[in-house]
Amino acid sequence: MRLLLILAALFLTMPAAAQDAPEWTLVIHGGAGTIERDRITPEQDSAIRAALTQALETGSAILDEGGSALDAVEATLRVLEDDPHFNAGRGAVFTWQGTIEHDASIMDGATRDAGAVTGTSNTRHPITLARRVMDSSPHVFLSGEGADQFSREQGLEQAENSWFETGYRRGQWEEFRQRTEAGEELGALDVEFKYGTVGAVAMDREGHMAAATSTGGMTGKRWGRIGDSPVIGAGTYADDRACAVSATGDGEYFIRAGVAQEICTRIRYRFREAIEEAQASVPVDEEGVPTYVVHASEFDLPDEDIQQIADEVIADQESLGGTGGVIVTTPWGNRIYSFDTPGMYRGMAAEGEEPSVAIYGDE
Ligand code: ASP
């Protein structure tokens, strides 16, 4: 019976997969946290939705015209880095010292090339600097003054550190310092003071995947603290065989759980198992030779499998003590959000579909 069911499922899903998968996909986030209706004014709500929509439109236009997933995720994040509502680029959170230090990373699923920067102070678009590290340096990860120096040598647009400041983040920083100095245990982990990290994942018309993440990190960070966002495998991962992931949340836990790579690895193995299972259920002829060879290109994984894997990995980091979320897309066109916070700024688009944006968990 089980064999018959698997066979039926196999033959029903295979043509459907080939026909229904969108030619390109784009999923974005603008941070996860205690994002609830009574904490966000109607003006903030509509400004954030407008910014997410604009970012989606920017990336979608590139993908629709046949541009690469890498170009799309970079361009999408440049829009969000410039928008002061997000904790990235302009509008990033303050360090303990009252400065702004950016982290960013990008990964190409086709080659598994990657670029990342941490603690940059003067590069207007940290995501573009991460891309340059990938494309134009022999390295993957640059930090601090060295990263800014490389940025200048590459001729990337520079900005005074104060250009990135907003009054809103300055206010958070002042409150954070006062409360910490008054003995409250906020640490670097208080979720109220940092949400707004941005991320994008995409699949292009060639079937290539890319992921990118950009952030100011956590309010009041000190001692050169680095979160998950610029750490390849934790905050960002892309692999054409499985998925592209960008994370947001309590970076310490996302690093420890290796969230982004863990999701891709589990998807890769789930896909392999599904093919092996399908192949094993194909009837054999009188000589014991299977009557049909299952090809990976004819097969996909359902949304439920991808959702389950992402939810399990988010639950794993939660079991260590963290909170946050991820966006995931796959080479089969799945698009997934998973988060354990009340809300996550997010949006998705795909070829031939109406784009959508959302903020609260119940949307
Ligand atoms: N993950 C970021 C960090 O830990 C912060 C965030 O996503 O809100 O630096």
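Given the structure is predicted, the values throughout are model-derived calculations rather than measurements. (Residues numbered from 1 in each chain as written. Predicted model: local features only at pLDDT ≥ 70, side-chain atom pairs only at ≥ 80, totals over all residues. Heavy atoms only, no water.)

Undergrad: Just to check I follow, could you spell out the sheet that holds strand β8 (residues 243-249) for this structure?
TA: Strand pairing in a sheet is mediated by backbone hydrogen bonds. Such pairs are either parallel or antiparallel. If you walk across this open sheet you meet the four strands as β7-β8-β9-β10, and the pairing is antiparallel. Across the chains shown, the open sheet's two edge strands, defined by having one partner strand only, are β7 (236-239) and β10 (335-339). Each strand of the sheet is rotated relative to its neighbour by a mean of 10°, with strand direction disregarded. Helix α9 (residues 303-320) rests against β9 (324-329) and β10 of the sheet, and its axis sits at about 25° to β10. (Pairing = 2+ DSSP bridges. Helix = DSSP H or I, 4+ residues; strand = E, 2+ residues; numbered from the N terminus. Axes fitted to C-alpha atoms, helices over the stretch in contact; angles between N-to-C directions. Contact = heavy atoms within 4.5 Å.)

Undergrad: Looking at this model, I keep getting lost on the site of the ligand. Mind explaining?
TA: Taken together, the neighbourhood of the ligand is formed by 11 residues, with T197, R225, D228, T248 and G249 sitting nearest. A distance of 2.9 Å separates an oxygen atom of the ligand from a polar atom in the side chain of T197. D228 is positioned such that a nitrogen or oxygen atom in its side chain is 2.6 Å from a nitrogen atom of the ligand. In terms of residue class, the shell around the ligand is made up of one nonpolar, seven polar and three charged. (Near = heavy atom within 4 Å. Polar contact = N/O pair within 3.5 Å; in protein donor to acceptor, adjacent residues only side chain to side chain. Nonpolar A, V, L, I, M, F, W, Y, C, P; charged D, E, K, R; others polar.)

Undergrad: Before we go on, may I ask you to explain the pattern of salt bridges in this structure?
TA: Close approach of charged atoms allows side chains of opposite charge to pair. Throughout the structure, instances matching the rule amount to 23 salt bridges. The structure contains a network of salt bridges with shared partners spanning D71, E74, R131 and D135. (Salt bridge = Lys/Arg side-chain N within 4 Å of Asp/Glu carboxyl O.)

Undergrad: Sorry, what's going on with the side chain of N161 here?
TA: In this fold, N161 is placed in the loop between α5 (144-153) and α6 (167-181). In this structure N161 comes out as buried when scored by relative accessible area, which is 18%. There is a polar contact of 2.8 Å between the side chain of N161 and the backbone oxygen of I100. Only 2.9 Å separates the side chain of N161 from the backbone oxygen of S121, close enough to count as a polar contact. If sequence neighbours within four positions are ignored, N161 has contacts with T99, I100, S121 and N122. (Buried < 20%, exposed > 50% of the residue type's maximum accessible area, 1.4 Å probe, protein only.)

Undergrad: What am I meant to see in the pairing of strand β3 (residues 113-120) here?
TA: Both faces of the sheet carry side chains from a regular strand, because those side chains alternate between them. Most of β3 sits inside the fold, with seven of its eight residues counted as buried. Relative to β3, strand β2 (residues 102-108) runs antiparallel, the two being bridged by seven bridges. Each residue of the ladder has a partner; that of D103, found in β3, is T118. Taking the residues that link successive antiparallel strands as the turn, the β2-β3 hairpin has four residues, and the phi of R112 there is positive, at about 55°. The pairing of β3 with strand β4 (residues 141-143) spans three bridges and is classified as parallel.

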